[in-house]
Each structure stands twice: as C-alpha cells, then as structure tokens.
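Below, each chain spelled out in residue letters.
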Amino acid sequence: MSVERFFTRIVESLPPTIPFVAPEALERQRGRALQLRIGANESNFGLSPMAREAMVQAVDQTHWYNDPEGFELRQALAVGLDVDMSAVGLGAGIDEILGLMVRLFVEPGEAVVTSLGAYPTFNYHVEGHGGVLHKVAYREDREDLDALLALAQKVQPKLVYVANPDNPMGTWQNADALQNFIEALPSTSVLLLDEAYVDFASKEALLPLAPDGARVVRLRTFSKAHGMAGARIGYAVADKGIIAALDKIRNHFGVNRVAQAGALASLADRAFVLSVVKQVEEGKREYATLARKLGIEMIPSATNFVALDIGSSERARALLQALLARDVFVRMPGVAPLDRCIRLTVGPAAERKVFAQILREVLPQVG
Ligand SMILES: Cc1ncc(COP(=O)(O)O)c(C=O)c1O
C-alpha cells in the first residue's frame, strides 16, 4: 500500500523539490572538495572570538535543556534595539520564523504577496501551508514596491514579503519609500520585512523600528555579519501581540543552548561585526574594479554578496559550471531577467584574490 494516501491534501499537491543544492551535496556528487565556498551568502570571516569562547563553554552544558524563553539574549537584543523585550522573539534562523509567521497569519487558500525571484524559503512555507502566492516581477533589479502595493490592494493578502536589502540582487529600498509603502498597505495585511543583511545596509536603507501596534514584522539573523549560519539563530521584532502569539506555536526548545550563548556574546562584540562589515565594503570595491576591468557590470549591493551581470542566462549558467569545474561554488538567481547574473559572497582578501584569478581564467571559456 502506498504511503501517499496518508498525506494531507496540501502535501499531496506539492511537487517533489530540492530547495537548495548544498555545497556539501556538490562535493559528494563530484567526489571532490570545493576550493571556494562563496555561493550561499555565508560569512567566510568566521565568528567573533568572544562568541566562539562562549559557545565552547556552552558545549559543556549541553546535557541541560536550553532556556526556552531565550531570556538573556532577548533582553540584550531589546536593549540594543531600544524596544521592550516583549517585542523580540527568537527562532532557528529567519527561515524558521518565516514558517511560523505563515502559520500565524495564513489560512489555507488565503493570498500572500511576494516578488518573483525573491528569497525562496518564504515561498516553500506558504505553499507547504496551502497559502496562495501572488508574485510581482522585479523592476531594474529591485523589488518593485509600487507593483507590490498595487497587487496587495487587489488581492488583499494576509502577508506581504519584502527583503531589504534584497537577496538575490543585493539591492535595497530607501527607508522613506518603505515607510510610504507600509502606510499604503491594505489594513488586512502584515508586512514581513526580511532584514537578513541589515548590518551591511546604509543608513538610508534602514527603516526606524516601528511603534507598537504596527503591522510590520522585522526579521534579523546571526547568520550573516555575525558568521553563525550553521548555529541557526535569528529573531523577530514586532508588536508584542505577534511575539506572544508565537509562543502558541513555536518549538520552545528549538533555539539551542550553544547558539544562544554565541549570539549573546557576538552581540557584545560590536567591533567584530564592524570589522566584518568594513572588510566586505573593501571587498565590494575590489570586485567592482575587477568587474570593470573584465567588462562585466556589478549590481550595486547593500549586502555581503554581489551579483555580476554576465549578459544572459545561458552565459551565467555556463560561467557557474566553469567555476564549479575549478571547485568554486557560486549560485545564480532562479528567474529571468535576474538569471543573467551570478551571485557570489564577498569574503576575506585572500579568498577574493583566488576568485579573481580563477574568474579571469574561466571567463574567456564562456562564449
Ligand atoms: C533574504 C534572506 N532571508 C533569510 C535568509 C536565511 O536566514 P537564516 O540563516 O537566519 O535562516 C537568507 C539567507 O541567505 C536570506 O538571504
């Protein structure tokens, strides 16, 4: 007897999917290690030495459950953000919180609005929960706030998803444009504002924290500037009613002890994060120069990665393969016209030098 008949109708309706081909999977498939792992927007600057020390100490306490309230970390985040602790909720990365938000707000069959080609994990959660995705194309490589608003007014979604700065293009919205967008959203909609790359953004792109009662959920992470992607820890800042509702459905022990300790120590090591941000800025300038010399356009980025415009989807895919043949892992956006680019993480100087050399060598192979 087939097991399929036991699944829910929603699960049965979903196509088989491999959301992300991991660099580990590429290594297994090829039987060879990667030389450069710069495809997943991880931070190759590592983590703060203070965070590392705190995590090593926490390892010795892993026979105890973790604090399900994440009290100390939430308190430190609240002080840093100048909000009440009741406005801060933790999760195993933004990815987990996206799923919880979908469960909080979206009934099966209800509308959700996002951008075509935006960060896909949100879409998996929406579809896995039976929500109906409505998508808006990017305009000039940016999420198109006007079109998102027009669609939201039409379909009256429960959730609207915007990443600022954006993945996969690295572009950003100015805070005043976002503020106008929020004010014009239908009164039935909550905005999920994914700020995974906020540490790398300029002041103009930084929306001030909203007052209590606002229908905006800010999502942030320790995966990027803090260099803790593998620890899986992120947080939401929102109206305290939304954070309290999370308690009804979240996995209460889901943010592990080692991650909580590391995040708390990393928050206290502001100098480390600032030095990562500074090095990423240097790296972006260096890649802009490289791109210019090679006759490639680099899309301006407010993140820890850059999108290089290779001219067409075919050329971008060929370059991706040529780089992989040289043991370099990068990714490319999944939909046109964004898929004329490859996307690579900006890492330390030594890594950038190796990448630049390999790019110079393989680019001529790509028609
Ligand atoms: C826009 C965006 N949101 C969320 C994430 C994932 O964040 P986390 O590691 O906290 O789950 C990423 C990772 O690449 C991202 O680009």
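What counts and what doesn't
- Residues numbered from 1 in each chain as written.
- Predicted model: local features only at pLDDT ≥ 70, side-chain atom pairs only at ≥ 80, totals over all residues.
- Domains from an automatic or database assignment.
- Contact = placed C-beta atoms within 7 Å.
- Helix = DSSP H or I, 4+ residues; strand = E, 2+ residues; numbered from the N terminus.
- Nonpolar A, V, L, I, M, F, W, Y, C, P; charged D, E, K, R; others polar.
- Pairing = 2+ DSSP bridges.
- Axes fitted to C-alpha atoms, helices over the stretch in contact; angles between N-to-C directions.
- Left-handed = near helix turned anticlockwise from the far one by under 90°.
- Buried ≥ 20, exposed ≤ 12 C-beta atoms within 10 Å, placed from the backbone.
- Right-handed = clockwise from strand over helix to strand, strands pointing away.
- Arc of directions from axis to C-beta.
- Parallel < 35°, antiparallel > 145°, perpendicular 65-115°, else oblique.
- Near = placed C-beta within 6 Å.

*Asks:* Could you give an account of the domain arrangement of the chain, with specific residues and numbers?
*Replies:* Annotation of the chain at the domain level lists domain 1 (19-46 + 271-365) and domain 2 (49-268). For domain 1 and domain 2, the distance between their C-alpha centres works out to 25 Å. Taken together, the contacts link 24 residues of domain 1 with 24 residues of domain 2. At the level of secondary structure, the elements contributing two or more residues to the side of domain 1 that touches domain 2 comprise α11 (270-294) and β10 (305-309). For the side of domain 1 that touches domain 2, the element with the highest residue contribution is α11, accounting for 4 residues. Classifying every residue of the side of domain 1 that touches domain 2 gives 15 nonpolar, 7 polar and 2 charged.

*Asks:* Outline the sheet that holds β10, supporting the account with residue identities and numerical values.
*Replies:* Spatially, β9-β10-β12 is the arrangement adopted by the 3 strands of the open sheet, whose pairing is antiparallel. Edge positions in the sheet fall to β9 (297-299) and β12 (341-345), since each of these pairs with one other strand and no more. Strand-to-strand twist in this sheet, taken as the mean axis angle between neighbours without regard to direction, amounts to 30°. In the packing of α11 onto the sheet, the strands contacted are β9 and β10, and the crossing angle to β9 comes to about 150°.

*Asks:* Can you explain the sheet that holds strand β5 (residues 159-163)? Please cite residues and give values.
*Replies:* Read across the sheet, 7 strands follow the order β2-β8-β7-β6-β5-β3-β4 without closing on themselves; strand pairing throughout is mixed. Edge positions in the open sheet fall to β2 (88-91) and β4 (132-136), since each of these has one partner strand only. Going from strand to strand, the sheet's axes swing by 25° on average, the running direction of each strand aside. Alignment of β5 against strand β6 (residues 190-194), held across 5 bridges, turns out to be parallel. Within β6, the position partnered with V162 by the bridge is L193. On the sheet, helix α5 (residues 93-105) packs against β2, β5, β6, β7 (216-221) and β8 (234-237) and is oriented at approximately 160° with respect to β7.

*Asks:* Any details on the packing of α5 against helix α6 (residues 121-128)? Residues and values, ideally.
*Replies:* Close contact between α5 and α6 brings their axes to 9 Å; oriented N to C, the two are set at 35°. Considering how the two elements wind past one another, α5 and α6 form a crossing that is right-handed. Taking contact as the criterion, the partners of D95, L98, G99 and V102 in α5 are, on α6, T121, F122, H125 and V126. Looking at the contact of α5 with α6 residue by residue, the classes come out as 4 nonpolar, 3 polar and 1 charged.

*Asks:* So what about the pairing of β6? Which residues, and what values?
*Replies:* Counting buried residues along β6, 5 of its 5 residues qualify, which places the element largely inside the surrounding structure. Taking every second residue as pointing to the same face, both faces of β6 are buried, with V190, L192 and D194 on one and L191 and L193 on the other. Since β5 and β6 lie parallel, the crossover through helix α8 (residues 175-184) that links them has a hand, and here it is right-handed. Sheet topology places β6 next to β7; 4 bridges connect them, and they run parallel. Note that in β7 the partner of D194 across the bridge is L219.

*Asks:* Provide a residue-level description of the environment of E69, including the pertinent values.
*Replies:* Within the element layout of this structure, E69 appears in the loop between α3 (49-59) and α4 (71-81). By C-beta crowding, E69 is classed as partly exposed, having 13 other C-beta atoms within 10 Å.

*Asks:* I'd like a rundown of α3, residues and numbers included.
*Replies:* Of all the residues in α3, the buried ones are A51, A54, M55 and A58. Looking down the long axis of α3, one finds its buried residues gathered within 100° of arc, a one-sided arrangement. The outward face of α3, more than 90 degrees from its buried face, is lined by the exposed residues P49, V56 and V59. Those residues of α3 that are buried lie in contact with α10 (257-268).

*Asks:* Tell me what's going on with the packing of α3 against α10, and back it up with residues and numbers.
*Replies:* Contact pair α3 / α10: the axes reach a minimum separation of 8 Å and the direction vectors enclose 155°. Taken together, the axes of α3 and α10 lie roughly antiparallel to each other. The handedness of the crossing between α3 and α10 is right-handed. In this structure, α3 contributes M50, A51, E53, A54, M55, Q57, A58 and V59 to the contact, and α10 contributes R257, V258, A261, G262, L264, A265, S266 and A268.

*Asks:* Explain the site of the ligand residue by residue, including any values.
*Replies:* In the vicinity of the ligand, 13 residues are found, and the nearest of them are G93, D95, N167, T221 and S223. The biggest single contributor to the shell around the ligand is α5, with 3 residues. Looking at side-chain class alone, the shell around the ligand contains 5 nonpolar, 6 polar and 2 charged residues.

*Asks:* For unusual backbone geometry, give the residues involved together with the corresponding values.
*Replies:* Here N164 and P165 are connected by a cis peptide whose omega angle stands at -5°. At the junction of A336 and P337, the peptide bond is cis and its omega measures out at -5° in the coordinates. Relative to the elements of secondary structure, P337 occurs in the loop between β11 (328-329) and β12. Located in the positive-phi region is D141, a residue other than glycine, with phi close to 65°. Take D141: it is sitting in the loop between β4 and α7 (145-155).

*Asks:* So what's going on with the pairing of β2? Which residues, and what values?
*Replies:* By the alternation rule, side chains of β2 split into V88 and L90 and G89 and G91, which are all buried. Here 4 bridges tie β2 to β8, and the two strands are oriented antiparallel to one another. Opposite G91, over in β8, you have G234 as the bridge partner.

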